[in-house]
Amino acid sequence: MLTEVELLWMEGQIERWIRFGRPVAERIVDRRRRVVSFAPGAVFALVRWQANDFGTAASRIDVLRAVRPGEPFTTVPFVSPGGELLLHIGGWPKVQKVLEAIDTVERAGVDLAEASPDHWRHVASRIGAGETPRPYAVRRHRAWLMRRRIGA
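Small disclaimer: the values here were computed from a predicted structure and weren't measured.

1. Focus: the side chain of Thr3
For step 1, the next point in the chain: One can find Thr3 in strand E1 (residues 3-10).
For step 2, the next point in the chain: Using a relative accessible area of 1% as the deciding quantity, one classes Thr3 as buried.
For step 3, the next point in the chain: Here Thr3 is in contact with Val36, Ser37, Phe38, Phe44, Ala66, Val67, Val79, Ser80, Pro81 and Gly82, once residues within four sequence places are set aside.

2. Some remarks on the nonpolar core
For step 1, the next point in the chain: Membership of the largest hydrophobic core comes to 24 residues, with the highest contact counts inside it found for Phe20, Ile61, Val63, Leu87, Val98, Ile102 and Trp120.
For step 2, the next point in the chain: Contributing elements (two or more residues each) for this core: strand E5 (43-52), strand E6 (55-65), strand E8 (79-90), helix H1 (92-107) and helix H2 (117-128).
For step 3, the next point in the chain: Among the elements that take part in this core, H1 stands out by supplying 6 residues, more than any other.
For step 4, the next point in the chain: For Val63, the residues in contact, after removing those within four places along its chain, are Phe20, Val43, Phe44, Ala45, Glu84, Leu85, Leu86, Leu87 and Trp120.
For step 5, the next point in the chain: Of all hydrophobic cores here, the second largest spans 12 residues; its members include Phe38, Phe44, Leu64 and Val76.

3. Details of the environment of Val110
For step 1, the next point in the chain: Considering the arrangement of structural elements, one finds Val110 in the loop between H1 and H2.
For step 2, the next point in the chain: Once the C-alpha coordinates of Val110 and Arg139 are considered, the two residues, 29 residues apart in sequence, prove to be 11 Å apart.
For step 3, the next point in the chain: When near neighbours in sequence (up to four residues on either side) are disregarded, Val110 contacts Val105, Ala115, Tyr136 and His141.

4. Some words on the pattern of salt bridges
For step 1, the next point in the chain: What the rule picks out here adds up to 14 salt bridges.
For step 2, the next point in the chain: Salt-bridge contacts for Glu106 lead to Arg19; the nearest nitrogen and oxygen are separated by 2.9 Å. Of this pair, Glu106 sits in helix H1 while Arg19 sits in strand E2 (residues 14-20), and the two are 87 residues apart along the sequence.
For step 3, the next point in the chain: Note on Arg19: relative accessible area 21%, which makes it partly exposed.
For step 4, the next point in the chain: With a shortest N-O distance of 2.6 Å, Arg121 and Glu84 are connected by a salt bridge. Taken together, the residues Arg121 in helix H2 and Glu84 in strand E8 connect sequence positions 37 residues apart.
For step 5, the next point in the chain: When its relative accessible area of 31% is taken as the criterion, Arg121 is described as partly exposed.
For step 6, the next point in the chain: The exposure class of Glu84 is partly exposed, given its relative accessible area of 24%.

5. Some words on the side chain of Arg16
For step 1, the next point in the chain: Structurally, Arg16 can be placed in strand E2.
For step 2, the next point in the chain: Assessed through its relative accessible area of 8%, Arg16 is described here as buried.
For step 3, the next point in the chain: At a separation of 3.2 Å, a polar atom in the side chain of Arg16 contacts the main-chain carbonyl oxygen of Glu6.
For step 4, the next point in the chain: Apart from the residues within four sequence positions on either side, Arg16 is in contact with Glu6, Leu7, Leu8, Val47, Arg48 and Phe78.

6. Some thoughts on H2
For step 1, the next point in the chain: Counted at 1.5 Å a residue, the expected span for H2 with its 12 residues is 16 Å, and the 17 Å between its end C-alpha atoms agrees.
For step 2, the next point in the chain: Taken together, the buried positions of H2 are occupied by Pro117, His119, Trp120, His122, Val123, Ala124 and Ile127.

7. Brief notes about H1
For step 1, the next point in the chain: Relative to the 22 Å expected for 16 residues at 1.5 Å per residue, H1 spans 22 Å between its end C-alpha atoms, a close match to the ideal helical length.
For step 2, the next point in the chain: Taken together, the buried positions of H1 are occupied by Val95, Val98, Leu99, Ala101, Ile102 and Val105. Seen from one end, H1 has its buried residues packed into an arc of 155°, which puts them on one side. Across H1 from its buried face, at more than 90 degrees, point the exposed residues Pro93 and Arg107.
For step 3, the next point in the chain: Close packing links the buried residues of H1 with E2, E5, E6, E8 and H2.
For step 4, the next point in the chain: One or two positions beyond H1, positive phi appears at Gly109, with a value near 85°.

Criteria and cut-off values
Residues numbered from 1 in each chain as written. Predicted model: local features only at pLDDT ≥ 70, side-chain atom pairs only at ≥ 80, totals over all residues. Heavy atoms only, no water. Helix = DSSP H or I, 4+ residues; strand = E, 2+ residues; numbered from the N terminus. Buried < 20%, exposed > 50% of the residue type's maximum accessible area, 1.4 Å probe, protein only. Contact = heavy atoms within 4.5 Å. Core = buried A, V, L, I, M, F, W, Y, C linked by side-chain atoms within 4.5 Å. Salt bridge = Lys/Arg side-chain N within 4 Å of Asp/Glu carboxyl O. Polar contact = N/O pair within 3.5 Å; in protein donor to acceptor, adjacent residues only side chain to side chain. Expected span 1.5 Å × (residues − 1). Arc of directions from axis to C-beta.

As far as function goes, none of this settles anything; it's purely spatial.
Next comes the structure, spelled out in structure tokens:
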């Protein structure tokens, strides 16, 4: 079972895009819409932004893990069936802080889709509390990869 995400791009009005993740399939619906699919266990970030006549009306970012059949999941708009919610932040100033945290991980040379799920939970908690998240160090990433390899 794949997790499908419906993306939309109506310049300056409604924009839904994947910030990171490795889709295994893509289907173009029309000029503005496409559907990307993620394999079970894949981690990805979905950004949703919408404007009205006065500027940004809504903005959200979610980092999700695509679930395997039978696993519990959270429903998220435009994500079918849903996913394990690692981070959910709304409001453009906070979304920008998450995007900065993502950029920091990327600059460290870490594949964002391979970063520890605990890091995204940490980022959500810290930004939600108005604090700055701790950076994701390469040393921490190596420890996560080893922990994942041994199944801990």
